[in-house]
Every structure is written in structure tokens, then in C-alpha cells.
Amino acid sequence: MHEHYGYRLMHGKGRESGLVRCAEGTFFVQCRFLFPGNTYTLYRNSTKEAEKAADANGCLSFSCGNDGFFFLCGEKETPILWEETENNTGAFLARQLLQKSKPLPPTEEKKAPPAPPTSPASCEAPSAAPFPIEKATEASLPPPKEHYALRTPSSAPMAAVLPTLFWPPSLQNLPAVFARSTPFMPFPLPGFRCIKLPAPAPGIPYYVIGYKTQKSRVTSLLYALPGRPERPPAQLPGSRWKMGYWYTIRKVKDA
């Protein structure tokens with residue numbers, strides 16, 4: 001390691017720099033031009049000495065009671081700064097020591113050798129089990145696996161106990177149509193449930209129908225046709241224009 005007037009310099013790949021100096025038996029490591037706020041780890045040989053975050057100026061200071069080869073690692077355990085050696089292998093030495101500092105992976109258990117093939121005579125069913133087999137009780141059974149639902153838990157009543165929606169006799173064919181159709185919303189319509197149905201006449205690509213409820217009763221029906229703003233459709237007299245559709249909302253009578 002090179003010494004310059006009592007200091008040992010540290011080098012890196014970027015503009016980061018640092019030095020190591022000794023005063024009264026304590027070794028001080030000072031680094032600068034780091035990223036402010038980032039956390040860095042100081043290693044001495046293969047020992048992790050300290051971990052700190054750089055200040056607002058990108059500077060760091062460490063102190064250590066023992067001497068050794070010092071290098072600094074970033075948040076991804078990558079050497080950022082290291083002491084330069086006489087043969088310019090400081091970066092290589094830092095990576096080697098960093099590998100030594102990591103714990104070794106657990107060794108795999110040796111697999112038992114396969115059982116020797118049995119002879120045809122041994123393939124016969126035994127007269128009795130070699131060990132007593134007890135019936136599993138509920139207490140000895142493993143706990144059931146937890147099933148995950150896609151829907152988040154809710155305190156709302158189940159759909160099976162919700163009140164039945166009342167449709168007027170003149171609209172009794174619509175519940176089945178809505179049940180087998182995919183929901184479709186032409187534009188924001190708070191409180192309405194809409195579907196898209198095939199064209200009722202030539203020249204119309206499709207039409208939209210929707211309903212709104214109040215106290216378990218269908219109270220309003222919506223009809224909408226795609227079109228242009230300058231030409232209202234003759235099929236919907238008194239309709240209004242909104243976001244590419246002509247639409248009208250009609251009140252539903254109970255009778």
C-alpha cells in the first residue's frame with residue numbers, strides 16, 4: 001500500500017476518493033465525492049467495520065482501532081473505493097475479500113443410495129405390515145391449506161340474501177337479457193347498469209340500454225345510440241348528445 005506523507009490514498013473507478021491516516025493508534029478513513037444520503041459499508045480485510053450514510057456534501061468518516069486493507073462498498077455490495085496496492089490490484093483484492101466475508105451456503109445433505117432391485121420372490125405382498133399403522137385422527141391431521149379469494153373480504157350481505165329486484169310487468173323480458181350480456185358503459189352514468197345490444201335497424205351499429213334502481217325497484221331506463229352531434233337520431237326523439245352518443249332517460253311506471 002502506498003503512503004504519501006503519512007496518508008494512504010484510496011482510489012475508485014469514478015470521481016470518488018478517500019484516504020487512510022493513523023493518529024495515536026487509531027486509523028481514520030475519510031471519503032468524499034459520494035452520493036449524498038446513500039449508505040456505504042467500510043470493510044477492513046474481510047471484516048465489516050461500520051455502515052453509514054453519506055452527508056449532504058457526499059462525505060463520510062470512519063474510525064477503526066486496527067490496521068488492515070480498507071475498502072468501501074455501496075448499497076449493492078460493490079466496491080466503490082479501495083486502497084491501491086503496489087501492483088495496482090486493489091480492486092481485485094477488494095472483491096476477493098468481499099467474497100470471503102459472505103457466509104457459505106448450507107451444504108446439501110447427501111442423498112441415500114438407491115435401494116437394490118428386489119427379486120421377483122420379494123415382490124409378493126407381505127402377510128403383515130412391518131410397523132403398526134394407526135388411523136389418523138383429526139388432531140393428528142395437518143391443518144387445511146388456506147384458500148385465497150380474489151375478492152377482498154367484505155361485511156356486506158351475500159348476494160343470495162340480497163332483496164329481489166322488482167321489474168314492472170312490461171319489462172319482464174329484460175332481466176334475462178341483462179343476465180346474459182356483458183356490462184358496457186358508453187360514458188359515466190352514476191347509478192346505471194348498461195349493456196350493448198345488436199342494431200335494431202339498418203345503419204345503426206348497435207344500441208345501449210341501461211337501468212337504474214331505487215329501493216329494489218327499477219325506476220329509470222336509458223337508451224343510447226352512437227352518432228354525430230349534428231344529426232340526432234329519429235329513433236330517440238328529444239335525446240341529448242354526450243361523448244359520441246345520443247341518449248334519453250325515461251321514468252319507469254310500476255304498472
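Given the structure is predicted, the values throughout are model-derived calculations rather than measurements.

Rules behind the numbers
- Residues numbered from 1 in each chain as written.
- Predicted model: local features only at pLDDT ≥ 70, side-chain atom pairs only at ≥ 80, totals over all residues.
- Heavy atoms only, no water.
- Pairing = 2+ DSSP bridges.
- Helix = DSSP H or I, 4+ residues; strand = E, 2+ residues; numbered from the N terminus.
- Axes fitted to C-alpha atoms, helices over the stretch in contact; angles between N-to-C directions.
- pLDDT = per-residue confidence, 0-100.
- Contact = heavy atoms within 4.5 Å.
- Expected span 1.5 Å × (residues − 1).
- Buried < 20%, exposed > 50% of the residue type's maximum accessible area, 1.4 Å probe, protein only.
- Arc of directions from axis to C-beta.
- 1 Å grid on protein atoms, 1.4 Å probe; cavity = no way out; pocket = protein on both sides within 12 Å on 5 of 7 lines; lining within 4 Å.
- Points joined across faces, edges and corners; volume = space filled by probe spheres on them.
- Nonpolar A, V, L, I, M, F, W, Y, C, P; charged D, E, K, R; others polar.

Draft legend 1. Representation of the sheet that holds strand β4 (residues 39-44). Spatial strand order, β5-β4-β7-β8-β1-β2-β3-β6: eight strands in an open sheet with antiparallel pairing. The sheet terminates laterally at β5 (47-53) and β6 (60-64), the two strands that pair on one side only. Averaged over all neighbouring strand pairs, the angle between strand axes comes to 20°, with direction disregarded. Bridge analysis of strand β1 (residues 7-11) against strand β2 (residues 17-23) gives four bridges, and the strand direction is antiparallel. Across the sheet, the residue bridging to Met 10 is Gly 18, located in β2.

Draft legend 2. Just the pairing of β5, in detail. With six bridges joining them, β4 and β5 adopt antiparallel strand pairing. When the bridges of β5 are listed, Tyr 43 appears paired with Lys 48.

Draft legend 3. Region of the structure containing the pairing of β2. The antiparallel pairing of β1 with β2 creates a hairpin that spans five residues between the two strands. As defined by bridge partners, β2 adjoins strand β3 (residues 26-32) across seven bridges and the pair is classed as antiparallel. Bridged to Cys 22 within β3 is Phe 27. A loop of two residues connects β2 with β3, the two strands running antiparallel in sequence, and Glu 24 in this loop sits at a positive phi of about 55°.

Draft legend 4. Just the confidence of the model for the chain, in detail. Counting all residues, the mean pLDDT for the chain is 78, and 74% of those residues have values of 70 or more. Segment residues 119-141 is flagged for pLDDT under 50; beyond a separation of four residues in sequence, or across chains, it makes two contacts in the model.

Draft legend 5. Inspection of helix α1 (residues 90-101) at higher detail. With 12 residues, α1 should reach 16 Å at 1.5 Å per residue; the first-to-last C-alpha distance of 16 Å fits that figure. Along α1, the residues classified as buried are Gly 90, Ala 91, Ala 94, Leu 97 and Leu 98. On an axial view of α1, the arc spanned by its buried residues comes to 125°, and they lie on one face. Facing away from the buried surface of α1 by more than 90 degrees, the exposed residues are Gln 99 and Lys 100. Turning to α1, the residues buried within the fold contact β4, β7 (70-73) and β8 (79-83).

Draft legend 6. Here's a closer look at the layout of surface pockets. Empty space within the largest pocket amounts to approximately 310 Å³. Lining the largest pocket are 14 residues; nearest its centre among them are Gly 203, Pro 226, Gly 227, Arg 231 and Pro 233. When the residues that make up the lining of the largest pocket are grouped by side-chain class, the tally is nine nonpolar, three polar and two charged.

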